[in-house]
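Structure assessment
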Amino acid sequence: MDTFNWYLERTSALQQIKPIGLYDLSNLQLRFLCPQDINEVNALCVDCFPVEYPRSWYEDITSNPKFYTLAAIHKSAIIGIIVAEIKLYIKLTPKEREIVSPSAGKFTQVGYILSLGVSKAYRRNGIASLLLDNLISHLTSAESQNCKAIFLHVLSSNSSAIAFYERKSFRLHSFHPYYYMINGINKDGFAYVLYINGGHQQWMIFDILKYIYTTVCELGVVRWTISKARKAARRFWPRIRRIASQNTSTIMIDCS
């Protein structure tokens, strides 16, 4: 499901909260979520996000292996999470397929960040960066070279989140009017993308040529053409040889 990404709330709200200075991130632990974390993760999301997720969403992200769900732990409490889904290109929506070039193949993977949040009291300690860097490291490992992009959606007015992702080398991909529904009001969103493992935006000239070639091959046109050419060559080759031989004899007679 599409969800809301919210790293920092409006500045006015942040000014009312004094962050806890951790100074040393070695005090943090990172671990994957499990079903026993549902209630605590629910409380964190209420603290972080202006939307309410259904119970089934928490059950999915804490148990379904298709999600990469990592938690930041401080003093045995969950103070931050990142939730991402690793998707196959063939299972993306038409709009999502615009993120990556189809020439990469039907089984190319992309990572979609559903949520990245840190408890208000612990923000501005680098925790969000730590969580995001861990996801990027995982998706750029030798085992994940088939993953070509990481993308997300963010509220267009959330300048703090946008600045954060841009510092992490994410780039604006597209504008999505009325993407969010918050408190009964439609809000615009942006899609941001980070290309990894040689991935790139779609329809470069090489991609066009490769796509045309692949499509033609799948239709069997190339194989049919080559087969016909070979049959024609076998049929006319003896005649061509006779003509060539006769011409050679004529030249030798003329020369004599």
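Residues numbered from 1 in each chain as written. Predicted model: local features only at pLDDT ≥ 70, side-chain atom pairs only at ≥ 80, totals over all residues. Heavy atoms only, no water.

1. Some remarks on the overall build of the protein
If you tally the helices and strands in the protein, you get seven helices and seven strands. Reading the helices (α) and strands (β) of the protein from amino to carboxyl end gives α-β-α-α-β-β-β-α-β-α-β-β-α-α. Within the protein, the proportion of its 256 residues that are buried is 39%. Look at the contacts in the protein between residues 6 or more apart in sequence, and 72% of them connect residues 24 or more apart. Put simply, the protein shows about 14900 Å² of open surface, and 56% of that area lies on carbon and sulfur atoms. (Helix = DSSP H or I, 4+ residues; strand = E, 2+ residues; numbered from the N terminus. Buried < 20%, exposed > 50% of the residue type's maximum accessible area, 1.4 Å probe, protein only. Contact = heavy atoms within 4.5 Å. Areas by Shrake-Rupley, 256 points an atom, 1.4 Å probe, with all protein chains shown as cover.)

2. Some words on the pattern of salt bridges
Summed over all chains, the structure comprises seven salt bridges. As a salt-bridge pair, Lys 66 and Glu 85 come within 3.5 Å of each other at their nearest N and O atoms. With Lys 66 in the loop between α3 (55–63) and β2 (67–74) and Glu 85 in strand β3 (residues 77–88), this pair connects stretches of sequence that are 19 residues apart. A salt bridge links Glu 98 to Lys 95; the nearest nitrogen and oxygen atoms lie 3.7 Å apart. (Salt bridge = Lys/Arg side-chain N within 4 Å of Asp/Glu carboxyl O.)

3. Topic: the pairing of strand β5 (residues 147–155)
Within β5, nine of the nine residues are buried, leaving the element largely enclosed by the surrounding structure. The pairing of strand β4 (residues 109–118) with β5 spans five bridges and is parallel. Across the sheet, the residue bridging to Ile 113 is Leu 152, located in β5. In this fold, β4 hands off to helix α4 (residues 127–139), which returns the chain to β5; that crossover is right-handed. Alignment of β5 against strand β7 (residues 185–195), held across seven bridges, turns out to be antiparallel. Across the sheet, Leu 155 pairs through a bridge with Gly 189, a residue of β7. (Pairing = 2+ DSSP bridges. Right-handed = clockwise from strand over helix to strand, strands pointing away.)

4. Some points on the confidence of the model for the protein
Of the residues in the protein, 70% have a pLDDT of 70 or more, and the chain-wide mean is 81. No element of the protein has a lower mean pLDDT than helix α1 (residues 11–14), at 37, and none a higher one than α4, at 96. Confidence over residues 1–17 falls short of pLDDT 50; this stretch has 62 contacts with residues more than four positions distant or in other chains. (pLDDT = per-residue confidence, 0-100.)

5. Concerning the sheet that holds strand β6 (residues 171–182)
The strand order β1-β2-β3-β4-β5-β7-β6 describes an open sheet built from seven strands, whose pairing is mixed. Two strands in the sheet have a free side with no partner beyond their single neighbour: β1 (29–32) and β6. Direction aside, neighbouring strands of the sheet carry axes that sit 25 degrees apart on average. The strands that helix α2 (residues 38–48) touches are β3 and β4; relative to β3, the one it contacts most, it runs at about 90 degrees. Each of β2, β3 and β4 is contacted by α3, which is oriented at about 90 degrees to β2, the strand it contacts most. (Axes fitted to C-alpha atoms, helices over the stretch in contact; angles between N-to-C directions.)

6. Some details on unusual backbone geometry
Trans is the common state for peptide bonds, and a negative phi is the common state for residues other than glycine. Unusually for a residue other than glycine, Asn 183 sits at a positive phi of about 55 degrees. One can find Asn 183 in the loop between β6 and β7. Taking relative accessible area as the criterion, Asn 183 reaches 72% and is therefore assigned exposed. With a phi close to 50 degrees, Asn 197 is a non-glycine residue in the positive phi region. For Asn 197, the position within the fold is in the loop between β7 and α6 (205–219).

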